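Coordinates in review
Here is how the chains run, residue by residue.
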Amino acid sequence: FSKTLERILGYRSIDYWVFQANPDIYNISEALKAGILKTWSVNQFKKDIKIGDKVIIWASGKQAGIYALATVVSSVQKIKDDPKEYNYYVNTPKQEDTDRVLLQLDYNLVNNPISKATVLEHNILKDLPQGMQGTNF
């Protein structure tokens, strides 16, 4: 039905994604505190993620939860990490173009993240895909 509406009315439904950060690879908390998060690596669903889609930034690990909400503002494209982000990786990443999207940070929840326990208690959010291997769900 949504494809029919899109074709007839030019309307496109918004998809919601979970972009997951692994603290063993990237310190999302400190990156959000520094205000430098502008892009996200896309490993899956590259053809499905569109401009205007909404994103839940999820941190896995001991302090798992929702750390930010964002909007996708570019198509998936080859982009290098901003050098400002290198300090937030556990190991310095390869400095090469990778498939990424540009993000507009809508809500930075780093100072009061929504914990995994709270998410799992909520009727609507209890089935939120999180904790699986990968970066995009």
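In this report, we go over the structure that sits alongside the text. (Residues numbered from 1 in each chain as written. Predicted model: local features only at pLDDT ≥ 70, side-chain atom pairs only at ≥ 80, totals over all residues. Heavy atoms only, no water.)

**Concerning the side chain of Asp99**
In this fold, Asp99 is placed in strand S6 (residues 98–108). Using a relative accessible area of 17% as the deciding quantity, one classes Asp99 as buried. Among the polar contacts listed, one links the side chain of Asp99 to the side chain of Lys78, at a separation of 3.3 Å. When neighbours within four sequence positions are excluded, Asp99 is seen to be in contact with Trp40, Ser41, Val42, Lys46, Val76, Gln77 and Lys78. (Helix = DSSP H or I, 4+ residues; strand = E, 2+ residues; numbered from the N terminus. Buried < 20%, exposed > 50% of the residue type's maximum accessible area, 1.4 Å probe, protein only. Polar contact = N/O pair within 3.5 Å; in protein donor to acceptor, adjacent residues only side chain to side chain. Contact = heavy atoms within 4.5 Å.)

**Overview of the pattern of salt bridges**
Within this structure, the stated rule accounts for three salt bridges. Among the ionic pairs, Lys33 bridges to Glu30, the shortest N-O distance being 3.5 Å. On the criterion of helical spacing, the pair formed by Lys33 and Glu30 is a turn pair, its members being three residues apart in helix H2 (residues 28–34). The salt bridge involving Asp99 is made with Lys78; its shortest N-O contact spans 3.3 Å. Taken together, the residues Asp99 in strand S6 and Lys78 in strand S5 (residues 77–79) connect sequence positions 21 residues apart. (Salt bridge = Lys/Arg side-chain N within 4 Å of Asp/Glu carboxyl O.)

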